[in-house]
Structure formats: C-alpha cells, structure tokens
Amino acid sequence: MVRKLIAGNWKMNGSVSFASELVGGLLSKIEQQDVSADFVVCPPAALLGSVLSLAKGTKLSVGGQDCHANVSGAHTGDTSAELLKDIGCGYVLTGHSERRTDHGETDSDVKAKSTAALKAGLTPIICIGETEGERVSGNTLKVIEQQVTNSLPDDADSSAIVLAYEPVWAIGTGKTATPDDVAEVHNFIRELLVSRFGREAANKINILYGGSVKPSNAAELLAVSNVDGALVGGASLKVEDFWAIGVR
Ligand code: PGA
C-alpha cells in the first residue's frame, strides 16, 4: 500500500488573504502531527507565489492546476512546467475535466503536458473520468482505458506520476460514485498500469479518487481497494474539511 496523497484543487477561488488563512491553518495542523498522508494544494497560478512562500520548508506540497507543453515561447497567459518547478512546485494537475471541457484539451494535449511536467521534474496528477452520458451508456471502462492509454507520457517513470479518477458527473455536484463503482474503476486502472509498468511498479502509483469528496464520505471512499488518496475541490477550501478528509 502506498502512502495516501490528499490533493486540494482550489480551482479559480481564493485571494491573498484567503491563501494565507487557509495555508496557515493547514500548516498549524500538519506541522504539529505525524500525519499518515501527504497533502498538496493547487491554488490558482496567481496565488502560487504567496502559497509557496508560506509552505516553503514545510511538509505541505504545492502544485499548479495546469501547465503548457512547451518550455517557453509565445503562449500568452500560459505557464510552463519548468517555471512551476523553478518557483518551487512539486506537482501539476493535467487533464482536469474542466480543462478538457473549457479549453478543449484532448488526451494528446494531456499527454504532452504530462510529458513536459515529468521532464521538468514535476509529478503530474493526470486526471481522467467518464461523463454521465458515457456511464449511462455503459462505456465507462472503455473511456477510462482510452484516457489512460492516450494521456500518459510514453516514457513515463512510474514513480513520478499520479492518476486521479474523477467521474465528471460527480465533480462539484454533490453526487459521488458508490464504493463499488469506485472499486471497479480503480481496480481496472490498476490493471492497466500493471500491463504497462509491471505489478511492482504499478502498485506504487497513487490513484486518487475525486468528485464531491467531503469529510462525511472520505472514510468510505478512501477505504476502497486501490484508492490511494483524494483530489478534492470544494472541500479543500475549508481547513477543517480538507484536514478531516486526510486525517481520521
Ligand atoms: P469537487 O471537485 O470536490 O468540488 O467535486 C473535485 C475536482 O474537480 O477536482
């Protein structure tokens, strides 16, 4: 079993004062206890500097929410994986469903971004998940297989990637997949990773579950086989909730 990873995706929320309150609150807990999970926060790009200066030298890791596939160049508004690494990030989300929907990102974009992240020395948290329509039509596993096959970098080092299974219909909706559904998909993802990396290496890859994870359902979801952590949106914006998800 791998050490659980609890990642907070702030999305487009927060401010400088919010960040200092939330990170300050989290640090006062993390630094005082020997916690059994690792925590990472992914604030909006404009808050990375503030959050990184607060988290520097602590057990709290920081990640970007996206990166560009190129190292530098004429890409107004984008941030390279190199720069995220340079300022002190350890992680970056790639292929979040909101990026796939709002910005038309395809599996091959996600693969290019994840490749850039690995090259820069960041751990990409590669997000995958089916839509409600795909689930209802019985295509969940087919979609997951395609996304895993096509979004992971070709020469991925298994020790430097994280996967996040987030059913799109469960994100921000208050709906969560049942433990049985989560188990089915996570077991399936694990076997896909086994066929690619071999069992020993695949067993060490964190597969996170995301989609309306909150303190009231975290224990049940995190107890499911092959669930190695959580990617948390809404509930990561409150210190007590985010903490309670990772530490019980
Ligand atoms: P949610 O978001 O926890 O608010 O559903 C999860 C995510 O989008 O990563």
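Residues numbered from 1 in each chain as written. Predicted model: local features only at pLDDT ≥ 70, side-chain atom pairs only at ≥ 80, totals over all residues. Heavy atoms only, no water.

S.K.: How would you sum up the pattern of salt bridges? Please name residues and give values.
M.R.: With the rule as written, the count across this model stands at 15 salt bridges. Between R100 and D107 there is a salt bridge, and its shortest N-O distance comes to 2.5 Å. By the burial criterion, R100 is buried, and D107 matches it. Residues E191 and R199 are paired through a salt bridge, measuring 3.0 Å at the closest nitrogen-oxygen approach. (Salt bridge = Lys/Arg side-chain N within 4 Å of Asp/Glu carboxyl O. Buried < 20%, exposed > 50% of the residue type's maximum accessible area, 1.4 Å probe, protein only.)

S.K.: Can you break down the packing of helix α5 (residues 107-120) against helix α7 (residues 140-151) residue by residue, with the values?
M.R.: Between α5 and α7, the least distance of the axes is 8 Å, while the angle of their chain directions is 40°. Relative to α7, the element α5 is oriented oblique. With respect to the hand of their crossing, α5 and α7 are arranged in right-handed fashion. Facing D107, S108, V110, K111 and S114 of α5, the residues of α7 in contact are Q146, Q147, N150 and S151. (Axes fitted to C-alpha atoms, helices over the stretch in contact; angles between N-to-C directions. Helix = DSSP H or I, 4+ residues; strand = E, 2+ residues; numbered from the N terminus. Parallel < 35°, antiparallel > 145°, perpendicular 65-115°, else oblique. Left-handed = near helix turned anticlockwise from the far one by under 90°. Contact = heavy atoms within 4.5 Å.)

S.K.: Tell me about the sheet that holds strand β4 (residues 91-94), and please be specific about residues and values.
M.R.: Strand order in this closed barrel of 8 strands is β1-β2-β3-β4-β5-β6-β7-β8, and the pairing throughout is parallel. The average undirected angle you get between the axes of adjacent strands in this sheet is 25°. Where α5 meets the sheet, its contacts fall on β4 and β5 (123-128), and the angle it forms with β5 comes to roughly 160°. (Pairing = 2+ DSSP bridges.)

S.K.: Could you give me a rundown of the environment of I128, with the residues and numbers involved?
M.R.: Within the element layout of this structure, I128 appears in strand β5. As a C-alpha pair, I128 and A201 span 73 residues in sequence and 20 Å in three-dimensional space. Excluding residues that lie within four positions of it along the chain, I128 makes contacts with R100, I144, Q147, V148, L163, A164, Y165, E166 and I189.

S.K.: I'd like a description of the side chain of D66, backed by residues and values.
M.R.: The topology assignment puts D66 in the loop between β3 (61-64) and α3 (81-87). On the basis of relative accessibility, which here comes to 16%, the residue D66 falls in the buried class. Among the polar contacts listed, one links the side chain of D66 to the side chain of R99, at a separation of 3.2 Å. Looking at D66, its side chain comes within polar contact range of the side chain of K113, at 2.8 Å. In this structure D66 touches L84, V92, L93, R99, E105 and K113, once residues within four positions along its chain are discounted. (Polar contact = N/O pair within 3.5 Å; in protein donor to acceptor, adjacent residues only side chain to side chain.)

S.K.: Which residues make up the environment of T176, and what values do they have?
M.R.: Structurally, T176 is set in the loop between β6 (162-165) and α8 (179-197). A sequence separation of 37 residues divides T176 from V213, and the C-alpha atoms of the two residues are 7.4 Å apart. Ignoring sequence-local partners within four residues, the contact set of T176 consists of W169, A170, Y209, G211, S212, N217 and L221.

S.K.: Can you break down the site of the ligand residue by residue, with the values?
M.R.: Neighbouring residues of the ligand: 13 residues in total, closest K11, H96, E166, G172 and S212. Between the ligand and K11 there is a distance of 2.7 Å, counted from an oxygen atom to a side-chain nitrogen or oxygen. About the coverage of the ligand: the protein hides 95% of its 280 Å² of free accessible area. Classifying every residue of the shell around the ligand by side-chain character gives 4 nonpolar, 7 polar and 2 charged. (Near = heavy atom within 4 Å. Areas by Shrake-Rupley, 256 points an atom, 1.4 Å probe, with all protein chains shown as cover. Nonpolar A, V, L, I, M, F, W, Y, C, P; charged D, E, K, R; others polar.)

S.K.: Residue-level account of unusual backbone geometry, with values.
M.R.: Phi is positive for S212, which is not a glycine, with a value near 55°. Under the relative-accessibility criterion, S212 is labelled buried at 15%. Backbone geometry at N226 places phi at a positive 70°, although glycine is not the residue there. Residue position: N226 is located in the loop between α10 (215-222) and β8 (229-232).

S.K.: Residue-level account of the packing of aromatic side chains, with values.
M.R.: For the structure on display, the rule yields 4 aromatic pairs. Put simply, the rings of F39, F242 and W243 pair up and form one aromatic cluster. (Phe/Tyr/Trp six-rings, centres within 6.5 Å; stacked < 30°, edge-to-face > 60°.)

S.K.: Summarise α5; cite the residues concerned and give the values.
M.R.: For α5, with 14 residues, the first-to-last C-alpha span of 20 Å sits near the 20 Å given by 1.5 Å per residue. Where α5 is concerned, the buried positions are D107, V110, K113, S114, A116, A117, L118 and A120. On its buried face, α5 sits against α3, β4, α4 (97-102), β5 and α7. Following α5 by one or two positions, G121 has its phi on the positive side, about 90°. (Expected span 1.5 Å × (residues − 1).)

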